[in-house]
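Architecture and fold: a report
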Amino acid sequence: MDNLTSLRFFWPESVLTVAVIAMLIEDLFVRRSARRVAWLTAGALFWLALTALATWMTPWGDFPLFGGLIQHDPLRIFFAWLFLGAAFLTIVILPRSGQVSPARL
């Protein structure tokens with residue numbers, strides 16, 4: 001499979017890359033807000049949902065990608081869902097932990 005065709009299997013990773021940049025920008029805008037933790041949590045859940053959608057839309061099967069350098073198989077999809085579940089639990093637990101300060105001046 002050529003490189004351009006292989007890129008369609010990397011939508012979840014592409015969404016995560018955009019999500020990290022968007023969350024950094026969001027933090028700049030809500031830094032002094034009293035509802036900072038709520039905004040960041042909502043943003044993280046939004047991007048996690050988009051990543052889950054991209055993972056769900058990724059074609060299933062056993063494909064060699066990028067000229068055989070990477071293998072796309074059901075095990076990769078299983079671990080993608082496992083890590084998405086762990087990320088969801090982290091996002092839900094984090095606001096109550098007090099690790100994110102409410103507002104920075």
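Read on for a plain summary of the structure. (Residues numbered from 1 in each chain as written. Predicted model: local features only at pLDDT ≥ 70, side-chain atom pairs only at ≥ 80, totals over all residues. Heavy atoms only, no water.)

1. Looking at the overall build of the protein
- Looking only at helices and strands, the protein has four helices and two strands in total.
- The C-alpha radius of gyration of the protein comes to 17 Å, more than 25% above the 13 Å expected for a compact globule of 105 residues.
- Along the first, second and third principal axes, the C-alpha atoms of the protein reach 50 × 25 × 20 Å.
- Across the 105 residues that make up the protein, the buried fraction comes to 26%.
- Contacts in the protein between residues far apart in sequence, at least 24 positions, make up 70% of those at least 6 positions apart.
- When the accessible surface of the protein is split by element, carbon and sulfur atoms take 74% of a total near 7300 Å².
- Of the side-chain charges in the protein, 8 are positive and 6 negative, and the distance between the mean point of each set is 18 Å. (Helix = DSSP H or I, 4+ residues; strand = E, 2+ residues; numbered from the N terminus. Rg over C-alpha atoms; globule rule 2.2 N^0.38 Å. Buried < 20%, exposed > 50% of the residue type's maximum accessible area, 1.4 Å probe, protein only. Contact = heavy atoms within 4.5 Å. Areas by Shrake-Rupley, 256 points an atom, 1.4 Å probe, with all protein chains shown as cover. Lys, Arg positive; Asp, Glu negative; His and termini not counted. Charge placed at Lys NZ, Arg CZ, Asp CG, Glu CD.)

2. Describing the side chain of H72
- With respect to the helices and strands, H72 occurs in strand 2 (residues 70-72).
- Side-chain polar atoms of H72 contact the backbone oxygen of P59, separated by 2.8 Å.
- Excluding residues that lie within four positions of it along the chain, H72 makes contacts with F9, T58, P59, G61, D62, F63, L65 and I77. (Polar contact = N/O pair within 3.5 Å; in protein donor to acceptor, adjacent residues only side chain to side chain.)

3. What to know about the nonpolar core
- The biggest cluster of nonpolar side chains holds 11 residues, and these are V15, A19, M23, V30, L40, A44, W47, L48, A54, L84 and I91.
- With five residues, helix 3 (residues 36-57) is the largest single contributor of residues to this core.
- When sequence neighbours within four positions are dropped, the list of residues in contact with I91 reads T41, A44, L45 and L48. (Core = buried A, V, L, I, M, F, W, Y, C linked by side-chain atoms within 4.5 Å.)

4. Some remarks on the packing of aromatic side chains
- In this structure the tally under the stated criterion is five aromatic pairs.
- An angle of 45° between the planes, with centres 5.1 Å apart, marks the rings of F9 and F63 as tilted. With F9 in the loop between helix 1 (3-6) and helix 2 (11-30) and F63 in strand 1 (residues 63-65), the pair connects residues that are 54 residues apart, well separated along the chain.
- A residue is classified by how much of its surface remains accessible, and F9, at 0% relative accessible area, is buried.
- One aromatic cluster in this structure is built from F78, F79 and F83. (Phe/Tyr/Trp six-rings, centres within 6.5 Å; stacked < 30°, edge-to-face > 60°.)

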